[in-house]
Structure formats: C-alpha cells, structure tokens
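Structure assessment
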Amino acid sequence: MRTTQYLLATVKEDPADSELISQKLMVRAGLIRKLSSGIFSWLPLGFRVLTKVENIIRDELTKVGGMEIKMPNVQPAELWQESGRWELYGNELLKIYDRAERGFVFGPTHEEVITDIARSELRSYKQLPLTLYQIQTKFRDEIRPRYGVMRSREFIMKDAYSFHIDDASLEETYHAMYQAYCKIFTRMGLDFRPVEADSGAIGGDTSHEFQVIADVGEDTLVFSDKSDYAANVEKASAALPAALPAPSQALEKVATPDTKTIKSVCEHLNLPESKSIKALLVKGQDDAVVALFLRGDHQLNDIKAERHPLVFSPLSFVNEADIKASLDLPAGFIGPVGLAAKGVPVIVDRDAAALADFCCGANEVDQHFVGVNWQRDCETGEIADLRNVVAGDASPDGKGALQIKRGIEVGHIFQLGDKYSKALGANVLNEQGKGVALKMGCYGIGVSRVIAAAIEQHHDDRGIVWPKAMAPFQVAIVPMNYHKSQRVRELTDKLYQELQDAGIEVLLDDRRERPGVLFADMDLIGIPQRVVIGERGIDNGVLEHKLRTEKDNSEVSIDDIVQTVIQAS
Ligand code: ATP
Ligand code: MG
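As a starting point, this report considers the structure included with it. (Residues numbered from 1 in each chain as written. Chains lettered and ligands numbered in written order. Predicted model: local features only at pLDDT ≥ 70, side-chain atom pairs only at ≥ 80, totals over all residues. Heavy atoms only, no water.)

1. Description of the overall build of the protein
- Of the regular secondary structure elements, the protein holds 15 helices and 30 strands.
- Overall, the protein is about 95 × 65 × 50 Å in size when its C-alpha atoms are taken along their principal axes.
- For the protein, long-range pairs separated by at least 24 residues make up 69% of all intrachain contacts whose partners lie at least 6 apart in sequence.
- Of the roughly 25,900 Å² of accessible surface on the protein, 49% is carried by carbon and sulfur atoms. (Helix = DSSP H or I, 4+ residues; strand = E, 2+ residues; numbered from the N terminus. Contact = heavy atoms within 4.5 Å. Areas by Shrake-Rupley, 256 points an atom, 1.4 Å probe, with all protein chains shown as cover.)

Structure below.
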C-alpha cells in the first residue's frame, strides 16, 4: 500500500480520556476510533492487525480439530430463560425488543446458542468429540468500560465449545486447547502465563486463564519462584501452615480503649499484627450471621469465603448496627471466646487456626484478650482457607515461595461439564444406547483485548513496536525526495514491486512530507522494518535498513535488500 492512497489516520495528541499507553497509541497510530462509551471502530491499520490475530487463532484451532462457524449476535430470550441466565446474568446483559415486544439479547457469550445447535445436531457418541468455534462480536454492558478495547462494551471474542461423551474425552480436548493457546500467544510474541482460575459464574470445575504479564493488568497473579505453580489470586492457596504450637501464656483480659482496628490494638499492646485475630461478620445461609476469623495481617478472599457452604453467596457483610441489634456484640471488639455459645457459627482461616497465644476482641467494648489459645479458650469451629496469599508465602506444592505480579486476562478455558447440556436437554446416545447429557468445554480469547495487551508489552517512547506476527505491514519503505528525484522514485517503485512479489506486506510512504514526519509516523505505527532510499545511498549502491527494535540502521547493498527484508520478516 502507498500511504498517499491509505487511510493513515495518525494523530499527534494523546486522546483526552485515555489512561493506558495502549489506549493512547491505538488512537494515535490510527488503529481505532471511539464511537461511544466502550464502542470502537477499527480503521484499516487496526483491522489488518485484527485479521493477523484472527488468522493465528484460526490456524492453531484448526490444527486441534476446531471447525469454524458463525452464530447470531441476536438471540431469543426464550433460550436464555431456558438456561436461567435471562435473570441470572445481571446488568451486563443487553436486552432488546422487536416490534412485537419479543425479548432478545445481544450475545455476551454463546453457550445457549451452541448448546441449542448441539441438541439438534448431535445424536450419538459416534459424532464425538467435536469442537466448534467462532470469531465474533460480543456485547457486555460493562459497569465501567475503560482502557479502550481492553475493557469495552462491544468487543471481538473467539469462543470455542467442545462436546464429549465423558469427562475423560473432555479432559483430552481441554489439554489440547491449553497447548493450542500456548502456541497462539507464543506466536503473537507475548510474555504470558497460564494460571489456575476460579471458574466463577460460568460454572464447571477446572479452569485456566491465560494472562499477559503487565503492570497495568487488572488481575493479580501468583507464581512460585521454584516451580510451575501459577494461579489467579482469587484461586491461589499457600502451603498449609505448620502444626499448632502448644500454649505458653495464660488467658488475660486487657483494657484497649478506642482501639477498633487491628492496627490500633496491636500498637496499643505492642504486638505484631500477625499475632492477632480479626473478625468479619457476614451473612450466612438461612439468614444466620457467620463469623470469619483471619490473622490480623491477612486479607479476606471474597471468592473463597462465598464458596464455603455456611456462607451466603454473593458475599454480604453484616453492618455495625445489625451486629449490635441482632447479636449484641460490639463491632471492633469481636473475638472467638464465648462466641459459639451465642449461636454464631465460626469459620477460622487455616493460618489463624495455627496461632497460639494470640490477641483478639473480648466481645465487650474496649476490651481484648491476650494469650488466647484455640481449644483451651475457645472452639475453632470450621477451619478453611479464607485469605489472599501474600508474596513470600510457601508455594502449595512445597516448592519455593510465592511471588505476585499483575496480568491482563486474554484467554480463559473451562471444563463446563453438563451444566448447559442438562439445562437445555442436550443428550446423545452412548455406546450402550442410553441417552446421556453431553459434557462440554468452553474456550475464549479476547481478540480485541489481546491487541491492546500486546501494545502494553511492546512499545517505546516513539510508539508501537509490533511483534512480527501481529504487525500490519512487515516493512515500511521511506524514500527521500520521491517527488523530486527520478532515480529515487524508480528504485523505490522497483523495490516496492519486488518485495510485494516476494509476498512481503509493504507500506510505501510516498507522502510529500519532511523525512522527520515520515520517520515519526512509521515509528508510531510500529512497522518492524524500515528501508530508507536516498540519492546519496544510490550513488554508493546502498540503502538504509533498520529494525524497529534497534536504535541504529545498517547499510545494505541494493542487490541484497530484498533478501535482507525477507530474512528479517
Ligand atoms: P473479565 O474478568 O476481564 O471481565 P470475563 O471472565 O468476563 O473477563 P470471559 O467471559 O471468560 O471473560 O470472556 C473470554 C475473554 O474475552 C476474556 O478472557 C477476555 O480476554 C475477553 N473479554 C471479556 N470481557 C471483555 C471486555 N469487556 N472487553 C474486551 N475483552 C473482554
Ligand atoms: Mg467480565
């Protein structure tokens, strides 16, 4: 392409409402334009990148037997009522109505539609396993659309679904998909990690997220420094704490006036927070109040808490007034001693349960206990993992210590089991001729998000530095005085043709602009290679070749340039 005939929509100024580098660069390089909150158009340069990403995904999914399909964006309400998600999906679901007031949704995901296809097309175990995928626009009415296409309302997703006669077959395909995802993100040149994840509202048991490592990521990832263990912080566990030491102190009540926080109590008593226990009161099942106890220096993990059978989901904290009214307990001074007698079920975090001689509230205003010991002074109730891990915790596989980093979730794979096939009655006949519910897997990639994530990892102060496989063009030809020098024009046109004939995607910058402007734009849009053609070089039989990743250019003889570009592509 010639820039004079291309919509090269670069801009100098950062867009006003942008927070992230990737968001700024995508607008400045002319990849996208915002139409409305969380809704974007892809301009020609951006669309080329999108197509590159889509084709890498297509290629790797085809290799593991995936078949591409296209399902409708607009899906009838009845199908969502059948799965129960018309009510349960929440406010992210965009509901729309036709002229006859019939309800529809603009698909945020396609489990319902694919399961409908499965129940009508699949009859027998002989047709299984089967993997179908599509690359398509989704709409989720995100409460806070932000970071450009990273968290938008309309976005492009690759969603794949697999169908199986049993769990063993599901696990096999899940494993193949996991490997295919690793290949996809490796080909894209990304620094990523697969991490164990909580499977959340989609359901099922086993799930992994593919996270691109970046400080601006919204997710917190936990890794072992000595093994492959990696998990999202929602899911990560530390190794079991050491056995409970024997008590060495007597129980003593101490006055702690105006010390409602762990920090103020521990300062007042001159104790480390790790020797104290704090209480969090939450709604339990059947309207009960449940007391959760954690070590003073640890943070509650909401997801782990709401997974506990005694705790109501979604997690809801009981406010101070309700604590006072229904339980007659002083907020800020609640502890486990005597609590079970008040009929409050207790769940103690594993690390809190491994403390001896600790400090806790005395269930009286301005009073705490010190020297408290489980069993001797109070009951432990249930023991569970309730906390977020912290950097330095021992890895649960016994190898190394845990580290924490930020990540951008670009892919998510789930073993769904029979959640949707049961809800929608998608059955097939097994080998014994008996009808059984299909087992399902589902596998997403944020196609638009992964482009923003790649830019977060690959940019410098001059602009985007595309990994080769994602670049909209492999090489930019920048001629000096193209419109004045016949020699420059002839060589430029010849090279432009030869490179295209060799299958290279070339952008020829033939605009009547100063060289500085041309160089700045080609750097901004991040083309991996640049070839500069000028009179002086022609006199010496050479051209300038430069990689976007490098500072200096090299002189290449005119005869060798096509080969040099091909080799670097
Ligand atoms: P998140 O936790 O980021 O909201 P999710 O769990 O809702 O993601 P999935 O339902 O698993 O996401 O969707 C599959 C993939 O689609 C995600 O891994 C992510 O890359 C992408 N994705 C999800 N929501 C958005 C969005 N609002 N904008 C852009 N991409 C998204
Ligand atoms: Mg989401």
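2. Section: the layout of surface pockets
- Considered as a void within the structure, the second largest pocket measures approximately 320 Å³ in volume.
- Taken together, 22 residues make up the lining of the second largest pocket; nearest its centre are K260, K278, A279, G332 and F333.
- Of all the secondary structure elements, the ones that give two or more residues to the lining of the second largest pocket are α7 (262-269), β14 (277-283), α9 (320-327) and β17 (358-361).
- Ranked by residues supplied to the lining of the second largest pocket, first place goes to β14 with 5 residues.
- By residue class, the composition of the lining of the second largest pocket is 14 nonpolar, 5 polar and 3 charged. (1 Å grid on protein atoms, 1.4 Å probe; cavity = no way out; pocket = protein on both sides within 12 Å on 5 of 7 lines; lining within 4 Å. Points joined across faces, edges and corners; volume = space filled by probe spheres on them. Nonpolar A, V, L, I, M, F, W, Y, C, P; charged D, E, K, R; others polar.)

3. Considerations on empty space enclosed by the protein
- In this structure the tally under the stated criterion is 1 cavity of 30 Å³ or more.
- Of the voids in this model, the largest cavity is the one considered here, and its volume is about 50 Å³.
- In terms of lining residues, the largest cavity is bounded by A476, M522, D523, I527, Q529, R530, K546, L547 and R548.
- Secondary structure elements with two or more residues in the lining of the largest cavity: α13 (515-525), β28 (529-533) and β29 (542-547).
- Grouping the constituent residues of the lining of the largest cavity by class yields 4 nonpolar, 1 polar and 4 charged.

4. Focus on the packing of aromatic side chains
- Tallying each qualifying case throughout the model produces 11 aromatic pairs.
- Arranged with centres 6.4 Å apart and planes meeting at 45 degrees, the rings of Y174 and Y443 form a pair that is tilted. In this pair, Y174 sits in helix α6 (residues 167-187) while Y443 sits in strand β23 (residues 439-446), placing the two residues 269 residues apart along the sequence. With respect to burial, Y174 and Y443 carry one shared label: buried.
- Ring geometry for Y181 against F185: centres 6.0 Å apart, planes inclined by 80 degrees, an arrangement best described as edge-to-face. Of this pair, Y181 and F185 both sit in helix α6, 4 residues apart, which is roughly one turn of that helix. (Phe/Tyr/Trp six-rings, centres within 6.5 Å; stacked < 30°, edge-to-face > 60°. Buried < 20%, exposed > 50% of the residue type's maximum accessible area, 1.4 Å probe, protein only.)

5. Things to note about the site of ligand 1
- The environment of ligand 1 is made up of 14 residues, and the closest members are R140, E142, R151, S152 and E409.
- Within the contact set of ligand 1, an oxygen atom lies 3.0 Å away from a side-chain nitrogen or oxygen of R449.
- Considered on its own, ligand 1 offers 590 Å² of accessible surface; in the complex 84% of this is hidden by protein.
- Broken down by element, the shell around ligand 1 gets its largest block of residues, 4 residues, from strand β20 (residues 402-417).
- Of the residues contributing to the shell around ligand 1, the split by class is 5 nonpolar, 4 polar and 5 charged. (Near = heavy atom within 4 Å. Polar contact = N/O pair within 3.5 Å; in protein donor to acceptor, adjacent residues only side chain to side chain.)

6. Digging into the packing of helix α2 (residues 44-63) against α6
- The N-to-C vectors of α2 and α6 enclose an angle of 150 degrees; their axes lie 9 Å apart at closest approach. With respect to their mutual orientation, α2 and α6 come out roughly antiparallel. Like other packed secondary-structure pairs, α2 and α6 cross with a definite hand, here right-handed. Together, I56, I57, D59, E60, L61 and K63 of α2 and M177, A180, K183, I184 and R187 of α6 make up the contact between the two elements.
- Residues that form the contact of α2 with α6 fall into these classes: 6 nonpolar, no polar and 5 charged. (Axes fitted to C-alpha atoms, helices over the stretch in contact; angles between N-to-C directions. Parallel < 35°, antiparallel > 145°, perpendicular 65-115°, else oblique. Left-handed = near helix turned anticlockwise from the far one by under 90°.)

7. Some remarks on the pairing of strand β1 (residues 32-36)
- With 4 bridges joining them, β1 and strand β2 (residues 39-42) adopt antiparallel strand pairing. Counterpart to K34 in the pairing with β2 is F40.
- Hairpin geometry of β1 and β2 is characterised by an intervening segment of 2 residues between the two adjacent antiparallel strands and by a positive phi of about 70 degrees at G38. (Pairing = 2+ DSSP bridges.)

8. A few points about the environment of R511
- The topology assignment puts R511 in the loop between β27 (506-508) and α13.
- In this structure the C-alpha to C-alpha distance between R511 and A423, which are 88 residues apart in sequence, comes to 60 Å.
- In this structure, R511 is in contact with T3, T4, L8, H483, L518, D521 and M522, ignoring residues within four places of it in sequence.

9. Topic: the environment of A384
- Positionally, A384 belongs in strand β19 (residues 382-384).
- Residue classification places A384 among the buried positions, given a relative accessible area of 12%.
- Linking A384 and F163, residues 221 residues apart in sequence, is a C-alpha distance of 35 Å.
- The contact partners of A384, leaving out residues within four places of it in the chain, are H308, I347, V348, D349 and R350.

10. Describing the side chain of K138
- In this fold, K138 is placed in strand β7 (residues 130-139).
- A polar contact is formed between the side chain of K138 and the side chain of D159, at a distance of 2.7 Å.
- Among residues more than four places away in sequence, those in contact with K138 are F106, G107, P108, T109, H110, R153, E154, F155, M157 and D159.

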